[in-house]
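# Observations on the three-dimensional arrangement
Chain by chain, the residues run as shown.
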Amino acid sequence: MGVSTLLYNAVFKRTSTFAVAILASAFFFERGLDVACDSIFENINKGKLWKDIKHKYEQ
Amino acid sequence: MNVIAKSSNLAPYLKASVPTIANGLRPVAATGKVQKKKIAHPTPVERILNDSLNKAILSGPIRIRSGPAASTQVSKVRFAHTDIRVPDFSAYRRESLKDPTARNRDSADDRKTFSYVVAAVTGVGTAYGAKTIVYDLVSSLSASADVLALAKIEVKLDSVPEGKSAVFKWRGKPLFVRHRSASEVEKERKVDVSSLRHAQHDSERVQRPEWLIVIGVCTHLGCVPIANAGDYGGYYCPCHGSHYDASGRIRRGPAPLNLEVPNYEFVDNTVVIG
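What counts as what
Note that residues are indexed from 1 along each chain, following the sequence as it is written. The lettering of chains begins at A and the numbering of ligands begins at 1, in the order of writing. A pLDDT threshold of at least 70 governs which residues receive local features in this predicted model, and a stricter bar of 80 or more applies before side-chain atom pairs are shown or counted, although totals over entire chains, interfaces and linings include all residues. The basis for every side-chain value is the complete set of non-hydrogen atoms in the structure, without hydrogens or water. Put simply, DSSP H or I for four residues or longer makes a helix, DSSP E for two residues or longer makes a strand, and each gets a number counted from the N terminus. Throughout this description, buried means an accessible area under 20% of the type-specific maximum (1.4 Å probe, protein chains only), exposed means over 50%, and partly exposed covers the range between. Using the Shrake-Rupley algorithm and a 1.4 Å probe, accessible areas are obtained, with residue cover drawn only from the displayed protein chains. Interaxial angle, 0 to 180 degrees, is taken between N-to-C directions of lines fitted to C-alpha atoms, where a helix line uses only the stretch in contact. Roughly parallel covers angles under 35 degrees, roughly antiparallel covers those over 145, roughly perpendicular covers 65 to 115, and oblique covers all other angles. Handedness of each helix crossing follows the sense of rotation of the near helix against the far helix: counterclockwise by less than a right angle gives left-handed, clockwise gives right-handed. In this description, contact between two residues means that some pair of their heavy atoms is separated by no more than 4.5 Å. Under the convention adopted here, Pro, Cys and the residues Ala, Val, Leu, Ile, Met, Phe, Trp and Tyr are nonpolar, Asp, Glu, Lys and Arg are charged, and Gly plus all remaining residues are polar. Taking the helix axis as origin, the arc is that swept by the directions to the C-beta atoms. Any two of the Phe, Tyr and Trp rings considered here, Trp counted by its six-membered ring, make a pair once their centres fall within 6.5 Å; the pair's planes then place it as stacked at under 30 degrees, edge-to-face at over 60, or tilted in between. A ring has a charge above it when a Lys NZ or an Arg CZ is no more than 6 Å from the ring centre and no more than 35 degrees off the ring normal. DSSP bridges decide pairing: two strands pair if at least two such bridges lie between them. Confidence of the prediction at every residue is given by pLDDT, a number between 0 and 100. Salt bridge, as used here: a side-chain nitrogen of Lys or Arg that lies within 4 Å of a carboxyl oxygen of Asp or Glu. The disulfide definition used here is simple: a pair of cysteine sulfur atoms within 2.5 Å.

What follows covers the overall build of chain A. Assigned secondary structure in chain A consists of 3 helices and 0 strands. Out of the 59 residues in chain A, the part that is buried amounts to 17%. Accessible surface, chain A: about 4800 Å² in total, of which carbon and sulfur atoms supply 66%.

Moving on, we come to the packing of helix H1 (residues 3-12) of chain A against helix H5 (residues 104-141) of chain B. Running from amino to carboxyl end, H1(A) crosses H5(B) at an angle of 55°, the nearest separation of the two axes being 9 Å. Here H5(B) runs oblique to H1(A), going by the angle between their axes. H1(A) and H5(B) meet at a crossing whose hand is left-handed. Here H1(A) contributes A:Ser4, A:Thr5, A:Leu7, A:Tyr8 and A:Phe12 to the contact with H5(B), which in turn contributes B:Asp109, B:Asp110, B:Lys112, B:Thr113, B:Tyr116, B:Val117 and B:Ala120. Looking at the contact of H1(A) with H5(B) residue by residue, the classes come out as 6 nonpolar, 3 polar and 3 charged.

Turning our attention to helix H7 (residues 182-189) of chain B. All names here are of chain B. The complete set of buried residues in H7 reads Glu184, Val185 and Glu188. Buried residues along H7 cover an arc of 100° about the axis, so they all sit on one side. Along H7, the residues that are exposed and aim more than 90 degrees away from the buried face are Ala182 and Ser183. The secondary structure elements touched by the buried residues of H7 are strand S3 (173-179), helix H8 (202-205), strand S6 (233-237), strand S7 (242-245) and strand S8 (250-252).

H5(B) packs onto helix H2 (residues 15-44) of chain A with a crossing angle of 60° between their chain directions and a minimal axis gap of 8 Å. Relative to H5(B), the element H2(A) is oriented oblique. As for the relative orientation of H2(A) and H5(B), their crossing is right-handed in sense. Across from A:Phe18, A:Ile22, A:Ser25, A:Ala26, A:Phe29, A:Glu30, A:Leu33 and A:Asp34 in H2(A), the residues of H5(B) making contact are B:Tyr116, B:Ala119, B:Ala120, B:Gly123, B:Val124, B:Ala127, B:Tyr128 and B:Lys131. When its residues are assigned to classes, the contact of H2(A) with H5(B) shows 11 nonpolar, 2 polar and 3 charged.

Let's shift gears to the packing of aromatic side chains. Aromatic ring pairs: the centre-centre distance and the angle between the two ring planes describe each pair. Within this structure, the stated rule accounts for 10 aromatic pairs over all chains. Consider the rings of A:Trp50 and A:Tyr57, whose centres lie 6.1 Å apart with planes at 20°: the pair is stacked. A relative accessible area of 47% means that A:Trp50 is categorised as partly exposed. Assessed through its relative accessible area of 55%, A:Tyr57 is described here as exposed. Feature note: the residues A:Tyr8, A:Phe12, A:Phe18 and B:Tyr116 constitute an aromatic cluster, connected by ring pairs. The cationic tip of B:Arg178 hangs over the ring face of B:Tyr235; the distance from NZ or CZ to the ring centre is 5.2 Å. In this structure, B:Arg208 packs its charged tip against the face of B:Phe266, placed 4.2 Å from the ring centre.

Before going further, it helps to spend a moment on unusual backbone geometry. All names here are of chain B. The residue Arg171 is not glycine, and still its phi comes out positive at about 50°. With respect to the helices, strands and loops of the structure, Arg171 is situated in the loop between strand S2 (165-170) and S3. If you check the backbone angles, Asp268 has positive phi at about 55° while not being a glycine. Examined against the element boundaries, Asp268 turns out to sit in the loop between strand S9 (264-267) and strand S10 (270-273).

Take the sheet that holds S6(B) next. Residue and element names in this part refer to chain B. Taken together, the 4 strands give an open sheet; going across it, the order is S5-S6-S7-S8, and neighbouring strands pair in antiparallel fashion. Two strands bound the open sheet, and with one partner strand each, they are strand S5 (226-227) and S8. Bridging between S7 and S8 involves 2 bridges; their strand directions are antiparallel. Among the inter-strand pairings, Tyr244 is bridged to a residue of S8, identified as Ile250.

As a further point, take H1(A). Listed as buried for H1(A) are A:Ser4, A:Thr5, A:Tyr8 and A:Phe12. Seen end-on, H1(A) carries its buried residues on one side only, within an arc spanning 105°. What points out from H1(A), more than 90 degrees from its buried face, is the exposed set A:Val3 and A:Leu6. Residues of H1(A) that are buried in the fold lie against H2 of chain A together with H5 of chain B.

Attention now moves to the confidence of the model for chain B. When pLDDT is averaged across chain B, the result is 80; 79% of the residues are at 70 or more. As scored by the predictor, the complex reaches a pTM of 0.44 and an ipTM of 0.85.

Okay, the interface of chain B and chain A next. Interface size is commonly expressed as the accessible surface area that is lost when the partners come together. The interface of chain B with chain A comprises 15 residues on the first partner and 14 residues on the second. Taken together, chain B and chain A are joined by 1 salt bridge. In terms of residue class, the side of chain B that touches chain A is built from 7 nonpolar, 2 polar and 6 charged.

Right, let's talk about the state of the cysteines for a bit. By definition, a disulfide is the covalent link that joins the sulfur atoms of two cysteine residues. Residues and elements named next belong to chain B. Under the definition given, this model contains 1 disulfide over all chains. Here Cys223 is linked by a disulfide to Cys239, with a sulfur-sulfur distance of 2.0 Å. The S-S bond linking Cys223 to Cys239 shows a torsion near -105°; that makes this disulfide left-handed. Taken as a pair, Cys223 in the loop between strand S4 (211-215) and S5 and Cys239 in the loop between S6 and S7 lie far apart in primary sequence, 16 residues in all. On the accessibility criterion, Cys239 (40% relative accessible area) is partly exposed. Sulfur of Cys218: no disulfide; nearest cysteine sulfur belongs to Cys237 and is 3.7 Å away. According to the relative accessible area criterion, Cys218 is buried, its value standing at 3%. Classification of Cys237 as buried rests on a relative accessible area of 2%.

The structure is reproduced here in structure tokens:
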């Protein structure tokens, strides 16, 4: 009882709320994955990206 | 001697008749002729195939006989194997239900939530993958940035004097940029829209009244009209004689529609088409 009962009754019991929950979490999952991948890429390539060397070429 | 002396002990051995029913002391000796029907025994079936197994199974009306011959010959296959142990499935069972006194209702929501969370995570991953595939597929169909950059042209408006119609090439088609005089604009604005084949007012076709920008392809069969010709002082198509006015509208001839107006915008003294 507790969290799982609440979750089951609110989300998983009906197919409609289940589908909406999947789509909504897919949206946030995509955003989170993109941000995470970008930050990993920028971390690996630190010092080589345009935003790091921009000050040398622009006044 | 005592044993021999007792005549009652010797009595069965001294009998002249032959017993046909065992009395426990002497075996039944088959010395006397007994008329009995010979019992036909079925040859025992070797149970190898479905067919031979079937023959071994008792089917149809069965006559149960007792006695030594009957008990050895009845070939009965037992399928109720009470001697086989029920396998242990506890490795596959949920922890919360292993206790035989546990109530199903107490942990039902926990178990269902777990199953649905697994399904939902799979669904989220699938939705993300499907969206990415569809997005990449559709975006691969659209024009790339270099093609889009080439698809625009800039025209300097200073280069077109008043009353002239300049021709440019835009996306493989001729483009007319016409610098209209004030009298031409006045004339086209006064045209009764209801009298036109393709009813469009002059203000719908231009952004700045002195500049008319249309695609130079006749809407009839695609010839290129001649500027400043025809009965209405606009364009004239030499192929089949369509007359367009100075607003590019069809006034006479076979063409069904006005000359097409592309998307354009004025930037200071230039016009960007596309």
